[in-house]
Every structure is written in structure tokens, then in C-alpha cells.
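Structural features, examined
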Amino acid sequence: MRAAPSTFLPEKARSVWRLQAFFESLLVALFPIAYGVLIYFFDFPLWILYSLIGIYLIFVLITVIILPPIRWRRFTYDVLEGEVDIQFGVLIVRRQLIPMTRVQHVDTEQGPLLRRYKMADVTITTAATSHRIPTLSVEVADELRDRIARLAAVAYDE
């Protein structure tokens, strides 16, 4: 059996993932807020509001504090001459081997949060789907994109 990929994401990825999860959790906060507004106008039970706030705090604890370090520890990748090997997942660990002959194009992407931290995602697109290596430093992402494109061109020519 082949060894697992050995390249980890930069440690700064955990901080970025925590911030992303925090901003996403603000959307979930709309449920307790909406229920609080309903309590103001109608005679709804107060214990439901406390339950919603408790559930929200547990949700934030799990998604912002607990999951990002686990996700970071479990995400590894390697770019080999003939394929890209990616392993990721928290509860269910997936491993993807992407043959260079199947690579159609490679992109780097930056949202506002990644741009702020000088990071980028690398997306590898095949005919069937796309695969992502998230939160790399911009320099590493650019080098990785160019290297995969070069290896895919060589593999395609053979």
C-alpha cells in the first residue's frame, strides 16, 4: 500500500478556517435573533430562546474552535510526477489520486479573507470534477499551479 501524502498546509490555514467558520456562524445566529424578535411581539416561551442560544454556542464551539485544527491535521497532499495525491476529511477521511493525464486546467483563487492573509486555493479541474488544495501561501499556490500545469502538459504529450 502506498504511503499517505506528506505535505501539510501552512499553520496559518487554521486561523483562516476559524475566521471563515466564525463568519458563517453569524448566519446561524439569525435563528436565535429572529426568535428573540418574535418573543418581543408575541407571547412565545422564553425557554426556546435559551435553547437556541445554547445550540448556537455549541455550534460555534465545534465549528470555530474544534474542527479547524482537526481539518488542518488531516489535510495532506503531494504533487508527484504522474499524479496529485490529496487526503482530507474529519470523520470520513478521503484520498484522491488525480492522474496528470486527466488534468484539464489548474486555477488559483483568492477571496477577500484569503487575500487579506496572502493565501490562495489551488483548484485542479478534470473532465469529471474539480479538486481543491485550500489555503496555501500565494507563492506556494502559484508555484504549485505552474508545476501541475507543466507536469500535466508533459503527461498529455506522452
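Up top is the structure.
Quick look at the structure, then.

Scoring rules and cut-offs
- Residues numbered from 1 in each chain as written.
- Predicted model: local features only at pLDDT ≥ 70, side-chain atom pairs only at ≥ 80, totals over all residues.
- Heavy atoms only, no water.
- Helix = DSSP H or I, 4+ residues; strand = E, 2+ residues; numbered from the N terminus.
- Buried < 20%, exposed > 50% of the residue type's maximum accessible area, 1.4 Å probe, protein only.
- Contact = heavy atoms within 4.5 Å.
- Areas by Shrake-Rupley, 256 points an atom, 1.4 Å probe, with all protein chains shown as cover.
- Lys, Arg positive; Asp, Glu negative; His and termini not counted.
- Charge placed at Lys NZ, Arg CZ, Asp CG, Glu CD.
- Pairing = 2+ DSSP bridges.
- Axes fitted to C-alpha atoms, helices over the stretch in contact; angles between N-to-C directions.
- Polar contact = N/O pair within 3.5 Å; in protein donor to acceptor, adjacent residues only side chain to side chain.
- Parallel < 35°, antiparallel > 145°, perpendicular 65-115°, else oblique.
- Left-handed = near helix turned anticlockwise from the far one by under 90°.
- Nonpolar A, V, L, I, M, F, W, Y, C, P; charged D, E, K, R; others polar.
- Salt bridge = Lys/Arg side-chain N within 4 Å of Asp/Glu carboxyl O.

Attention now goes to the overall build of the chain. Within the chain, the regular secondary structure consists of five helices and seven strands. Dimensions of the chain, computed from the C-alpha atoms along their principal axes, are close to 75 × 35 × 30 Å. In the chain, which comprises 158 residues, the proportion classed as buried is 35%. When contacts within the chain are restricted to residue pairs at least 6 apart in sequence, those whose partners lie at least 24 apart make up 51%. As displayed, the chain has an accessible area near 10,100 Å², and 63% of this comes from carbon and sulfur atoms. Side-chain charges in the chain split into 17 positive and 16 negative, and the spacing between the mean points of these groups amounts to 6 Å.

A few words now on the sheet that holds strand β7 (residues 130-137). Taken in spatial order, the three strands line up as β5-β6-β7 in an open sheet, and their pairing is antiparallel. Both outer strands of the open sheet, β5 (103-109) and β7, are each paired with one neighbouring strand and no more. For this sheet the average axis-to-axis angle between neighbouring strands, irrespective of direction, equals 15 degrees. As defined by bridge partners, β5 adjoins strand β6 (residues 119-126) across six bridges and the pair is classed as antiparallel. The partner of Val106 across the bridge, within β6, is Ile124. Helix α1 (residues 12-28) rests against β6 and β7 of the sheet, and its axis sits at about 110 degrees to β7.

Turning our eyes to something else, we now look at the sheet that holds strand β3 (residues 83-88). Across the sheet, which stays open at both edges, the four strands sit in the order β1-β2-β3-β4 with antiparallel pairing between neighbours. Two strands bound the open sheet, and with one partner strand each, they are β1 (7-8) and β4 (94-99). Summarising the sheet, β3 and β4 pair through six bridges and their orientation is antiparallel. When the sheet's bridge partners are listed, Ile86 is paired in β4 with Gln96.

Moving on, we come to the side chain of His131. Turning to its location among the elements, His131 is positioned in strand β7. Judged by its relative accessible area of 11%, His131 is buried. Reaching out from His131, the side chain makes a polar contact with the side chain of Gln96 at a distance of 3.0 Å. Beyond its immediate stretch of four places on either side in the chain, His131 contacts Ile86, Gln96, Ile98, Val122, Thr123, Ile124 and Thr126.

This part is about the packing of helix α2 (residues 30-41) against helix α3 (residues 46-74). The contact between α2 and α3 brings their axes to 9 Å, and the two run at 165 degrees. Taken together, α2 and α3 sit at an angle that is classed as roughly antiparallel. By crossing handedness, the relation of α2 to α3 is classed as left-handed. Residues Phe31, Pro32, Tyr35, Gly36 and Ile39 of α2 touch α3, and the partners they reach there are Leu46, Ile48, Leu49, Leu52, Ile53 and Tyr56. Classifying every residue of the contact of α2 with α3 gives ten nonpolar, one polar and no charged.

Counted under the stated rule, the structure contains six salt bridges. The residue Arg95 makes a salt bridge to Asp85 at a minimum N-O spacing of 2.6 Å. Residue Arg95 is located in strand β4, and its partner Asp85 is located in strand β3; the two are separated by ten residues in the primary sequence. The exposure class of Arg95 is partly exposed, given its relative accessible area of 32%. For Asp85, a relative accessible area of 2% translates into the label buried.

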